[in-house]
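Each chain, written out:
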Amino acid sequence: MAIFTMRMETKLISSAQNPLVKKILLLKEKSRERRKTGLFVVEGQREIELAQKGGYTLQTLLFCPEIMGELSIEPIIKPSNPEIIQVSENVYGKVAHRGTTEGVLGLMQSKNHTLENIVFKNKTPLVLVAEAPEKPGNIGALLRTADAAAVDAVLIANPKSDLYSPNIIRSSVGCLFTNQIGVGTTDEIIDFLQTNQIKIYCAALTASKNYVDCDFKVASALVMGTEAIGLTDTWLKNSDQNIIIPMQGEIDSMNVSVSAAILIFEAKRQRGF
């Protein structure tokens, strides 16, 4: 059974028709509901702990003792002191997307991702920019790469997907919470980068320089477009340098997250990791 030694009464939900269960399902399925309430759903101990470490507030924790086994919820609830609700296996199976999330699920409060909230801790930040990313899997992979390289910020221009979509949270394996993320229009992000004197390197197929011949030791933004159409002309016109990864096969492009990883880790190599 789950280890739960806190001396307090916990509510028990055993019906899938409970209003909270219906609310959670709406939050998982509808971005409009997430925007309206400022809440989103996180499954699993690791993701919940990463979110709280990243400054997110856990409002409500649901736990299923039969699934949790020997897992204790005390380390999970300590940072935020949330409302705690016990649920039956049937209810947990209804609200959880995965069966391997340790029997814990949280309602978290979302953050404001305006560019004004981005803070750089050094004078030569390394920034990843993605314009109009749409596929949750690609966004998640970009966030995982950004976390692995400890980039200073991830900026998303003209987003096509809600950041708090369960698919993005899942595909990022919690790295949505470990990165500093800013969202804005293409024009807003270009202005932000130029104001902060960050050099803009745009991944492009034309008028481009081999990425290994570029100096990424200066404050740099690596800008990635979609796999289908690449970057818009606005980025290319405001680029300090268009860059390219030479291709030796029959195709002329790779998955955007793979390309971003190559560029980011070349920048990290130049900076001595």
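Our subject is the structure that appears above.
Given the structure is predicted, the values throughout are model-derived calculations rather than measurements. The residue numbering used here restarts from 1 in each chain and proceeds along that chain's sequence as written. Local features in this predicted model are restricted to residues whose pLDDT is 70 or higher, and side-chain atom pairs enter the listing and the counts only when it is 80 or higher, whereas totals over whole chains, interfaces and linings include all residues. Side-chain numbers come from the whole structure's heavy atoms, not from hydrogens or water.

1. Looking at a negative patch on the surface
Stated formally: The patch calculation keeps residues exceeding 30% relative accessible area without a salt bridge and links them within 9 Å when they carry like charges or within 5 Å when they are nonpolar (Val, Leu, Ile, Met, Phe, Trp, Tyr). The Shrake-Rupley method, run with a 1.4 Å probe, gives the accessible areas here. Residue values count only the displayed protein chains as cover. Just to be clear on terms, a salt bridge is a Lys or Arg side-chain nitrogen sitting within 4 Å of an Asp or Glu carboxyl oxygen. Charge counting treats Lys and Arg as positive and Asp and Glu as negative, with His and both chain ends excluded. By convention, the point assigned to a charge is CZ for Arg, NZ for Lys, CD for Glu and CG for Asp. Here a strand is any run of E in DSSP of at least two residues, a helix any run of H or I of at least four, and the numbering for each starts at the N terminus. Relative accessibility under 20% of the residue-type maximum defines a buried residue, over 50% an exposed one, and the middle range a partly exposed one, all with a 1.4 Å probe and only protein chains included.
Taken together, the side chains of E116, D187, E188 and D191 make up a negatively charged region of the molecular surface. Among the structural elements, E188 can be located in helix α9 (residues 186–195). Under the relative-accessibility criterion, E188 is labelled partly exposed at 43%.

2. Quick look at the pairing of strand β9 (residues 199–203)
Where we set the bar: Pairs of strands are assigned from DSSP output, requiring at least two bridges between the strands.
Where β9 and strand β11 (residues 220–224) come together, 4 bridges link them in parallel fashion. Looking at the pairing, Y201 lines up with L222 of β11. Pairing analysis gives 3 bridges linking β9 to strand β12 (residues 241–244), with the strands arranged parallel. Residue pairing for β12: Y201 is matched across the bridge by Q241.

3. Details of the state of the cysteines
Put simply, the rule reads: We call a pair of cysteine sulfur atoms a disulfide when they lie within 2.5 Å.
Taken as a whole and judged by the stated rule, the model has 0 disulfides. Here C202 is not cross-linked by a disulfide; its sulfur's nearest cysteine counterpart is in C214, at 11 Å.

4. Quick look at the layout of surface pockets
For the record, the criterion: The pocket and cavity definitions rest on a 1 Å grid over protein atoms only: a 1.4 Å probe that fits but cannot leave marks a cavity, an open set with protein on both sides within 12 Å along at least five of seven lines marks a pocket, and residues lining either have an atom within 4 Å of a point. Grid points are joined across faces, edges and corners, and a volume is the space filled by probe spheres set on the points. When residue character is reported, Ala, Val, Leu, Ile, Met, Phe, Trp, Tyr, Cys and Pro are called nonpolar, Asp, Glu, Lys and Arg charged, and the others, Gly included, polar.
Space inside the largest pocket adds up to approximately 490 Å³. Every residue lining the largest pocket is counted, 23 residues in all, and those nearest its centre are A203, A204, L205, D252 and S253. Take the lining of the largest pocket: its biggest share by element is 3 residues, from helix α11 (residues 256–270). In terms of residue class, the lining of the largest pocket is built from 15 nonpolar, 6 polar and 2 charged.

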